[in-house]
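Commentary on secondary and tertiary structure
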Amino acid sequence: MSNPLKLLISNDDGIFALGIRTLANTLAEAGHQITIVCPNRERSATGHGLTLHQPIRAEMINDIFHPNVVAWSCSGTPADCVKFALSAKSVLNYRPDFVLSGINHGSNLGTDILYSGTVSAAMEGLFYGIPSLAISLASYTDRQFQTAADFVTTFLTKLTTYPFTEATLLNINVPAVSSEKLAGIKITRQGLRRYHETFEKRFDPHGKCYYWLVGEIIEDIEQPDHIHLPSHVLTDVQAIQENYISITPLQYNLTDVQSFEYLAQAGWFHS
């Protein structure tokens, strides 16, 4: 490879997850320089939580990844891991060209991204002005991560050849099918996912009551319109349903422009 990249990889499934091992090893075999900093256990659905009231512990891990991969296990959240990697001088002696998060075991579509530790780790990279990718396999049962890893390896070459003018976060979801069955690639908008959710009341062996959140995805719901994008642009939810790789650019500015304009025009707060 003529231009190997310096890559920081994290996840929310933990250091022993097959997804991050497949991604890191594939990229290392392609000649890239890889440093991993990820949670020491599964930290799914932690959102952008940070550890503030207890110490963060980290240690180097050997013999799990490709020999050229430097790997750290961290006690913190996914966002902690990326923040730690980019701020603790003992971890990285270079600024990464990209921050990657994943490959997550399960999709991160629609409103799921607000809860996702995978997306939050990549978002932390964006906070530092580093282009970032969140990568997910759209299945909780399938373990064939290689299609997603191969796609990311090729896609990074394109992003290096034709870079964005500003650092960008791309949320990538890959259908759980072989590369031959992929319908293609779609640039998508964020969609909507809803769940039937309940808190089941249960009892521990001592007879004490506790509650367990359970939910089932509602698959067939109407996808929302977007203020700036036409309705024929597929949402990430629709793209995955049609076996497309979905790539959705995300931002951390959550300002609601329509509501801002409504409040500004209402004149309620003018003296």
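Residues numbered from 1 in each chain as written. Predicted model: local features only at pLDDT ≥ 70, side-chain atom pairs only at ≥ 80, totals over all residues. Heavy atoms only, no water.

Side note on helix 2 (residues 78-87)
Those residues of helix 2 that sit buried are Pro78, Ala79, Asp80, Cys81, Val82 and Ala85. Contact partners of the buried residues in helix 2: strand 1 (6-10), strand 2 (33-39), strand 4 (69-74), strand 5 (98-105) and helix 3 (117-127). (Buried < 20%, exposed > 50% of the residue type's maximum accessible area, 1.4 Å probe, protein only. Helix = DSSP H or I, 4+ residues; strand = E, 2+ residues; numbered from the N terminus. Contact = heavy atoms within 4.5 Å.)

Section: the sheet that holds strand 6 (residues 132-137)
Strand pairs in the sheet, formed through backbone hydrogen bonds, run parallel or antiparallel to each other. Strand order in the open sheet formed by 9 strands is 3-4-2-1-5-6-7-11-8, with mixed pairing between adjacent strands. The two strands at the open ends of the sheet, each matched to only one other strand, are strand 3 (58-61) and strand 8 (184-187). Pairs of neighbouring strands in the sheet enclose a mean axial angle of 20 degrees, with direction left out of account. (Pairing = 2+ DSSP bridges. Axes fitted to C-alpha atoms, helices over the stretch in contact; angles between N-to-C directions.)

What about helix 4 (residues 146-161)?
Helix length check: helix 4 (16 residues) gives 23 Å between terminal C-alpha atoms against 22 Å at 1.5 Å per residue, within 8%. Considered for burial, the residues of helix 4 that qualify are Thr147, Ala148, Ala149, Phe151, Val152, Thr153, Phe155, Leu156 and Leu159. (Expected span 1.5 Å × (residues − 1).)

Observations concerning the nonpolar core
One broad trend across soluble globular proteins is that nonpolar side chains are buried collectively. Ile36, Leu100 and Leu133 are the most contacted members of the largest nonpolar core, which totals 36 residues. By residue number, the principal contributor to this core is helix 4, which donates 7 residues. Residues contacting Leu133, with those up to four places away along its chain left out, are Val99, Leu100, Ser101, Ala122, Val152, Phe155, Leu156, Leu159, Leu169, Leu170 and Ile172. Counting 14 residues, the second largest nonpolar core, distinct from the first, contains Leu8, Cys81, Val82 and Ala85. (Core = buried A, V, L, I, M, F, W, Y, C linked by side-chain atoms within 4.5 Å.)

A look at the pattern of salt bridges
In this structure the tally under the stated criterion is 3 salt bridges. Between Glu124 and Lys83 there is a salt bridge; the shortest N-O distance is 2.7 Å. Residue Glu124 is found in helix 3, and its partner Lys83 is found in helix 2; the two are separated by 41 residues along the sequence. When its relative accessible area of 1% is taken as the criterion, Glu124 is described as buried. Linking Arg193 and Asp112 is a salt bridge whose minimum nitrogen-to-oxygen distance equals 2.9 Å. Placement of the pair is Arg193 in the loop between strand 8 and strand 9 (194-203) and Asp112 in the loop between strand 5 and helix 3, with a sequence separation of 81 residues. Judged by relative accessible area, Arg193 falls into the buried class, the value being 10%. (Salt bridge = Lys/Arg side-chain N within 4 Å of Asp/Glu carboxyl O.)

A few points about the environment of Leu50
With respect to the secondary-structure elements, Leu50 resides in the loop between strand 2 and strand 3. Remark: the alpha-carbon pair of Leu50 and Thr165, spanning 115 residues in sequence, is separated by 29 Å. Beyond its immediate chain neighbours, meaning those up to four positions away, Leu50 contacts Thr77, Ala79, Asp80 and Lys83.

Points about unusual backbone geometry
Note the cis peptide between Gly102 and Ile103, where omega equals 5 degrees. Checked against the element boundaries, Ile103 lands in strand 5. Notably, Ala45 is not glycine yet its phi reads approximately 60 degrees, a positive angle. In this structure, Asp63 takes a positive phi of about 70 degrees despite not being glycine.

Focus: the packing of helix 1 (residues 18-29) against helix 4
Between helix 1 and helix 4, the shortest axis-to-axis distance is 9 Å and the interhelical angle comes to 40 degrees. Relative to helix 4, the element helix 1 lies oblique. Taken as a pair, helix 1 and helix 4 cross one another with a handedness that is right-handed. For the pair helix 1 and helix 4, the contacting residues are Thr22, Leu23, Thr26 and Leu27 in the first and Gln146, Ala149, Asp150, Val152, Thr153 and Leu156 in the second. Taken together, the residues that form the contact of helix 1 with helix 4 break down as 5 nonpolar, 4 polar and 1 charged. (Parallel < 35°, antiparallel > 145°, perpendicular 65-115°, else oblique. Left-handed = near helix turned anticlockwise from the far one by under 90°. Nonpolar A, V, L, I, M, F, W, Y, C, P; charged D, E, K, R; others polar.)

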